[in-house]
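Chain residues, written in single-letter form:
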Amino acid sequence: MSSPTLPIDEAACAEEPPANAAIVFEDVYLSFEDNHVLRGVSFRLPFGETKALFGVAGAGKSTILKLSLGLLQPDSGRITVLGNEVSSMREQDLFPMRGRLGMVFQESALFDSLTVRENVAFRLIEEHGVYDDEADRRVREALRFVQLEHTLDMFPSELSGGMRRRVAIARAIITQPELLLYDSPTGGLDPVTSNTIVDLIMKQRDVYKTSSLLVTHRLQDAFTMATHQFDKQTNQVRALPRGQYCDVPMSFLVLRDGRVIFDGDVRRLAHTRNEYIREYIS
Amino acid sequence: MQLTSPTEFAKQKIQSVQDYTLLAVQAVANLFRKPLYVGDMVQQADVIGVGSLPIVVLTGFFTGGVLALQTANTLQRFGSITLIGQLVSTSMVRELGPVLTGLMVAGRNSSGMASELGSMVVTEQIDAMRALGTDPMKKLVTPRVTATVFMLFFLSILSDLVGLAGGLMVAKLFLSLDARQYWSNAWQVLVFQDVFMGLLKPTLFGFIIATIGCYYGITARGGTQGVGRATTQAVVAASVLILVTDFFVTKLLISVLSYK
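Here the structure is a predicted model, which means the values were calculated and not measured. Along each chain, residues carry numbers from 1 onward, in the same order as the chain's sequence is written. Numbering of ligands from 1 and lettering of chains from A proceed in the order in which they are written. Totals for whole chains, interfaces and linings use every residue, but because this is a predicted model, local features are given only for residues with pLDDT of at least 70 and side-chain atom pairs only at 80 or more, for both listing and counting. In computing side-chain properties, one takes all heavy atoms of the structure into account and sets aside hydrogens as well as water.

(A) Layout of the packing of aromatic side chains. Only the six-membered ring of Trp is used, alongside the rings of Phe and Tyr, when aromatic pairs are assigned; centres must lie within 6.5 Å, and planes under 30 degrees apart are stacked while those over 60 apart are edge-to-face, with the rest tilted. Taken as a whole and judged by the stated rule, the model has 13 aromatic pairs over all chains. Summarising the aromatic geometry, the rings of Phe223(A) and Phe252(A) are spaced 5.8 Å apart at their centres and angled 45 degrees between planes, so their arrangement reads as tilted. Placement of the pair is Phe223(A) in helix α7 (residues 219-227) and Phe252(A) in strand β11 (residues 250-256), with a sequence separation of 29 residues. The classification of residues rests on relative accessible area computed with a 1.4 Å probe and restricted to protein chains. Under 20% of the type maximum is buried, over 50% is exposed, and intermediate values are partly exposed. For Phe252(A), a relative accessible area of 0% translates into the label buried. Centre to centre, the rings of Phe61(B) and Phe62(B) are 5.3 Å apart; their planes meet at 85 degrees, and the pair counts as edge-to-face. Of the residues examined, Phe61(B) reaches a relative accessible area of 23% and is grouped as partly exposed. Counted as over-ring charges are cases with an Arg CZ or a Lys NZ within 6 Å of the ring centre that also lie within 35 degrees of the ring normal. We note Arg98(A) situated over the ring of Phe95(A); from NZ or CZ to the ring centre the distance is 5.1 Å. Here Arg171(A) stacks its cationic end above the ring of Phe111(A), 5.0 Å away from the centre of that ring. The secondary structure listing takes helices from DSSP runs of H or I that are at least 4 residues long and strands from runs of E that are at least 2 residues long, numbered from the N terminus.

In structure tokens:
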């Protein structure tokens, strides 16, 4: 994979009218006691698009993912996910809605007393009550997707950090969710493993057209995703020629002190005059 | 160390009681909502019930034995040594069997539940479960509560039985009493109220052990140190609550069943 660079010599993509959105945040506020984490956050994630969330530690990136899942409730504002207003739903009603989403946690959050097979099949076993041949086929398929089919009967403690992250991706995608949420999927990993995971995220985006929200600290991962595409024919990631970046369904959102200071595509990000963002991406 | 104002302290305690009550109510209400995790219940019954068998049997046996040893001297002074079977029987069935079994199981399983669930909380496994569309209250709490209530009931009966056997061993080996007379006295002295009290208590204690263990586990905060703290607090709270509940239940049953 070639090293990504910011496409500063290109004009921004033409603005399209807002399509139906997988996620809509409207003026969302959230505080933990005296700590104001989100202060009026608003954004939309159109269907099929991947949006990378940037910001320094404590800017509220992971909180946005947890709010999208309904794991946290906002103090005020409205959050709509796949047409459901999660900010006003009861916990009991959120469980069926969460079945349409997939989440990859920062530290993988695999169930340590279950094998890889049971972790990946967790959702299928919950739905059907048994681990049958069909479940086995889908587990193997999901693990093949992340190139970890040989780890079926291993426990999470026997895997490396990168392998755990890939198993978490397999667990998230096994039911082909309509929306995927990634919380720092490449955080703390070596560059080779990070690239593998970025490739998997791109594959999910370009092959299955899954909408996703991606929290990351690694700018190069997001720029790679904005300038590359997964080629289904060759089963490989390829760099797009300049001028075709608008074909990639990828956007960026930058948070600062709980507020959105940028929301747009890679070229608008490259052309921004905001000093803070320029310093952040430099 | 930062000092907490009395108002803040009181608010925190009331909040804890409220959260615990909600957890306890939900644990029971989930029995009437699908899905019912029967497999998890059986697995927990094995861990809690079968796993606790050795300590319950040993505790029951030696408690019955020491009860016979301690009371033999007094009974001999009044020429009533033959009543030792009655004494061991009523003490074990009404009081010592359920309470000591409860305390043993609390020490073993409240801590186990608090540390297991606490570890799941701090490693985001509980959040992951919720994110995967599974209710942790149904999947983790209700099976543990059901299994503990069910198994403590039978463990208490077993404890009573081996306690009587312990008393018999002392009566036979050290006091040279007739085994048949011991069993006959021990059996005949028991009335409905004794048995009812002896079976109601473990049911309540089982509920306390599991709900307290799960509550401290689910509310654990602050990494491994927080899990350790939750584990200790769960054992202390469950043990104290068992003894306090025992007193009030005994008083209530004595009044309601009008028996002495």
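(B) Spatial organisation of the pairing of strand β12 (residues 259-264) of chain A. Residues and elements named next belong to chain A. Strands are labelled as partners when DSSP assigns at least two bridges between them. For β11 and β12, the ladder comprises five bridges, and the chain directions are antiparallel. Looking at β12, one finds that Val254 is bridged to Phe262. Counting the residues between successive antiparallel strands, the hairpin from β11 to β12 contains two residues, one of them, Asp257, with a positive phi of roughly 50 degrees.

(C) Just the interface of chain A and chain B, in detail. Facing the 20 residues of chain A at the interface are 19 residues of chain B. Summing the contributions of chain A and of chain B, the shared interface buries around 1,700 Å²; its carbon and sulfur component is 54%. In short, buried area is how much 1.4 Å probe accessible area vanishes from two parts on joining, totalled over both. Summed over the three residues of chain A that lose the most area to chain B, namely Phe95(A), Phe111(A) and Glu126(A), the buried surface amounts to 29% of that side. Any carboxyl oxygen of Asp or Glu that lies within 4 Å of a side-chain nitrogen of Lys or Arg is treated as forming a salt bridge with it. Applying the counting criterion to the chain A and chain B interface returns four salt bridges. Residue contacts are counted whenever heavy atoms from the two residues lie within 4.5 Å of one another.

(D) Structural view of the pattern of salt bridges. Under the definition given, this model contains 27 salt bridges over all chains. The salt bridge involving Arg78(A) is made with Glu85(A); its shortest N-O contact spans 3.6 Å. Judged by its relative accessible area of 40%, Arg78(A) falls in the partly exposed class. In this structure, Lys139(B) and Asp40(B) form a salt bridge, with 3.6 Å as the shortest nitrogen-oxygen distance. Here the residue Lys139(B) occupies a position in helix α5 (residues 136-173), and Asp40(B) occupies one in helix α2 (residues 38-77), the gap between them amounting to 99 residues. What you see here is one network of salt bridges that share partners, running through Lys66(A), Glu91(A), Arg98(A), Glu124(B), Asp127(B) and Arg130(B).

(E) Highlighting the side chain of Arg166(A). Residues and elements named next belong to chain A. Note on placement: Arg166 falls in helix α5 (residues 161-173). We count Lys and Arg on the positive side and Asp and Glu on the negative side, and we leave His and both chain ends out. Of the side chains with opposite charge, Asp190 comes closest to the buried, unpaired Arg166, at an N-O distance of 8.3 Å. In this structure Arg166 touches Val146, Gln147, Leu148, Thr196, Ile197 and Leu200, once residues within four positions along its chain are discounted.

(F) Examining the sheet that holds strand β4 (residues 76-81) of chain A more closely. All names here are of chain A. Spatial ordering of the open sheet is given by β2-β1-β4-β5, a layout of four strands whose pairing is antiparallel. A single partner strand is all that each edge strand has here, and the edge strands are β2 (35-46) and β5 (84-85). The pairing of strand β1 (residues 21-32) with β2 spans nine bridges and is antiparallel. Paired with Val28 across the strands is Val41, a residue of β2. Helix α1 (residues 61-69) contacts β1, β2 and β4 of the sheet and is inclined by roughly 115 degrees relative to β1. Orientation is described by axes fitted as lines to C-alpha atoms, over the contacting stretch for helices, and by angles from 0 to 180 degrees between their N-to-C directions.

(G) Summary view of the packing of α5(B) against helix α7 (residues 192-218) of chain B. Residue and element names in this part refer to chain B. Two elements in contact, α5 and α7, have axes whose closest approach is 8 Å; the angle formed by their N-to-C orientations is 145 degrees. In this structure, α5 crosses over α7, and the sense of that crossing is right-handed. Residues Val141, Arg144, Val145, Thr148, Val149, Leu152, Phe153, Ser156 and Ile157 of α5 lie in contact with α7, whose contacting residues are Leu199, Pro202, Thr203, Phe205, Gly206, Phe207, Ile209, Ala210, Thr211, Cys214 and Ile218. Across the contact of α5 with α7, the residue classes break down as 14 nonpolar, five polar and one charged. Here is the rule for handedness: rotate from the far helix to the near one, and if that takes an anticlockwise turn smaller than a right angle the crossing is left-handed, while a clockwise turn gives right-handed. Any residue outside Ala, Val, Leu, Ile, Met, Phe, Trp, Tyr, Cys, Pro, Asp, Glu, Lys and Arg is labelled polar, Gly included; the first ten of those are nonpolar and the last four are charged.

(H) Representation of the pairing of β1(A) within the structure. Residue and element names in this part refer to chain A. Where β1 hands over to β2, the hairpin turn is made up of two residues, of which Glu33 adopts a positive phi near 55 degrees. Across five bridges, β1 lies against β4 in antiparallel orientation. Along β4, the bridge assignment pairs Val24 with Thr80.

(I) A look at the packing of helix α3 (residues 84-122) of chain B against helix α8 (residues 223-256) of chain B. Residue and element names in this part refer to chain B. Following both chains from N to C, one finds α3 and α8 inclined at 155 degrees, their axes separated by 8 Å at the closest point. Considering the angle they form, α3 stands roughly antiparallel to α8. Note that α3 runs across α8; the crossing there is right-handed. Classifying every residue of the contact of α3 with α8 by side-chain character gives 12 nonpolar, 11 polar and two charged. An angle below 35 degrees is treated as roughly parallel, one above 145 as roughly antiparallel, one from 65 to 115 as roughly perpendicular, and anything else as oblique.

(J) Inspection of the sheet that holds strand β7 (residues 179-183) of chain A at higher detail. All names here are of chain A. Read from one edge of the open sheet, six strands run β6-β7-β8-β3-β11-β12, paired in mixed fashion. A strand with exactly one partner marks an edge of an open sheet, and here the two such strands are β6 (101-104) and β12. Taking the axes of each pair of neighbouring strands and ignoring which way they run, one obtains an average angle of 15 degrees across the sheet. In this structure, strand β3 (residues 50-54) lies alongside strand β8 (residues 211-215), joined through four bridges in parallel fashion. Within β8, the residue paired with Thr50 across the bridge is Ser212. Taken strand by strand, helix α6 (residues 191-208) contacts β3, β7, β8 and β11, and its axis lies near 165 degrees from that of β7.

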